[in-house]
Amino acid sequence: MFLDTRDVAFPPHLLTDGSWEMAHTEVMARLLKEGMTAVDLGANLGYFTLLMGERVGPSGIVHAFEPNPHIAKLMRNSVEINGFAPHTTIHEVALGDKAGELDFYIDPARPMNATVYPKSDHEKVSVPTARFDDFPELENCDFVKIDVEGAEEAVWAGMAKRLRNPRPLTVILEFTPDRYRDAAAFLDLFVSQGFSLGYVHQWRGIVATNKSEILSRPGNVDQLLVLQR
């Protein structure tokens with residue numbers, strides 16, 4: 001992988017350990033199958049994009065979304081050098097609930113935490129936005145990873161067409177209750193759309209859960225939910 005040495009959050013772990021968020025990695029490796037269409041929203045440097053590319057194989061398809069131009073360039077290099085370019089498309093766009101442009105705030109020391117929320121000490125760049133449903137090639141996707149630093153509600157609102165599609169779907173979503181207008185209603189929405197609720201346990205893999213259990217945890221702590229139907 002091509003890394004940015006200014007980044008003090010992700011590369012040191014990868015260079016030292018050779019992996020990142022191992023429980024997350026193992027769960028994704030088990031869920032992804034050859035021939036799938038997989039989508040990585042908030043791809044950062046492409047660690048999970050590369051995992052997707054390896055697991056779905058040449059008969060599968062990967063779509064990675066990363067609006068940070070500098071990071072997207074490094075990810076594109078990593079995809080190419082690993083031989084996944086023929087079945088991987090990188091989109092330099094932020095997904096949300098509408099098309100247009102928005103200001104994106106990037107900390108060069110921790111670019112994976114870039115956000116749409118204003119930060120006075122971050123670099124501000126204007127990036128294009130789109131809805132998930134604006135990409136017809138995603139209509140029948142099998143797997144989606146969503147890690148978009150608080151924009152999860154907007155992304156979900158923008159993928160209504162895919163959510164109405166009865167085709168089976170697995171979503172791994174970083175859920176942080178304090179970031180949402182109504183975290184309980186967001187969870188109710190998942191269930192109303194036919195998804196089971198699970199989360200990634202550090203040692204036990206995917207563990208079934210429920211709304212009460214999710215909301216009983218600290219609201220500022222990221223939880224990696226596994227939504228399946």
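Here is what the cut-offs are and how they apply
Residues numbered from 1 in each chain as written. Predicted model: local features only at pLDDT ≥ 70, side-chain atom pairs only at ≥ 80, totals over all residues. Heavy atoms only, no water. Helix = DSSP H or I, 4+ residues; strand = E, 2+ residues; numbered from the N terminus. Rg over C-alpha atoms; globule rule 2.2 N^0.38 Å. Areas by Shrake-Rupley, 256 points an atom, 1.4 Å probe, with all protein chains shown as cover. Lys, Arg positive; Asp, Glu negative; His and termini not counted. Charge placed at Lys NZ, Arg CZ, Asp CG, Glu CD. Phe/Tyr/Trp six-rings, centres within 6.5 Å; stacked < 30°, edge-to-face > 60°. Buried < 20%, exposed > 50% of the residue type's maximum accessible area, 1.4 Å probe, protein only. Contact = heavy atoms within 4.5 Å. Polar contact = N/O pair within 3.5 Å; in protein donor to acceptor, adjacent residues only side chain to side chain. Pairing = 2+ DSSP bridges. Axes fitted to C-alpha atoms, helices over the stretch in contact; angles between N-to-C directions.

1. Notes on the overall build of the protein chain
Alright, step 1. In terms of regular secondary structure, the protein chain is built from eight helices and eleven strands.
Alright, step 2. Over its C-alpha trace the protein chain gives a radius of gyration of 17 Å, about what one expects of a compact globule, namely 17 Å for 229 residues.
Alright, step 3. Across its three principal axes, the protein chain shows a C-alpha extent of roughly 45 × 40 × 40 Å.
Alright, step 4. For the protein chain, the accessible area works out to roughly 10,700 Å², and carbon and sulfur atoms hold 51% of it.
Alright, step 5. Taking the average location of the 22 positive side-chain charges in the protein chain and that of its 32 negative ones, the two points are 4 Å from each other.

2. Focus on the packing of aromatic side chains
Each aromatic ring pair is specified by the distance between its two centres and by the angle formed by the two planes.
Alright, step 1. Taken as a whole, this structure holds twelve aromatic pairs when the rule is applied.
Alright, step 2. Ring centres of Tyr47 and Phe48 lie 4.9 Å apart, and the angle between their planes is 85°; on these two criteria the pair is classed as edge-to-face.
Alright, step 3. Where Trp156 meets Phe186, the ring centres are 6.5 Å apart and the plane angle is 85°; that geometry is what we call edge-to-face. Here the residue Trp156 occupies a position in helix α5 (residues 152-157), and Phe186 occupies one in helix α7 (residues 183-192), the gap between them amounting to 30 residues.
Alright, step 4. Given the relative accessible area of 3%, Trp156 is considered buried.
Alright, step 5. Judged by relative accessible area, Phe186 falls into the buried class, the value being 4%.

3. Examining the environment of Lys145
Alright, step 1. You can see Lys145 is positioned in strand β7 (residues 143-146).
Alright, step 2. Counting along the chain gives 97 residues from Lys145 to Phe48, while the straight-line C-alpha distance between them is 8.7 Å.
Alright, step 3. Residues within four places of Lys145 in sequence aside, it is in contact with His24, Met28, Val39, Asp40, Leu41, Gly42, Ala43, Phe48, Met52 and Ile172.
Alright, step 4. At 3.1 Å, the side chain of Lys145 forms a polar contact with the backbone oxygen of Gly42.

4. Regarding the sheet that holds strand β2 (residues 61-65)
Alright, step 1. The strand order β3-β2-β1-β7-β8-β11-β9-β10 describes an open sheet built from eight strands, whose pairing is mixed. Of all the strands in the sheet, the pair left with one neighbour each is β3 (88-91) and β10 (205-208). Between one strand and the next, the sheet's axes are offset by a mean angle of 20°, whatever the strand orientation.
Alright, step 2. Bridging between β2 and β3 involves four bridges; their strand directions are parallel. Each bridged residue has a counterpart across the sheet, and for Val62 the counterpart in β3 is Thr88.

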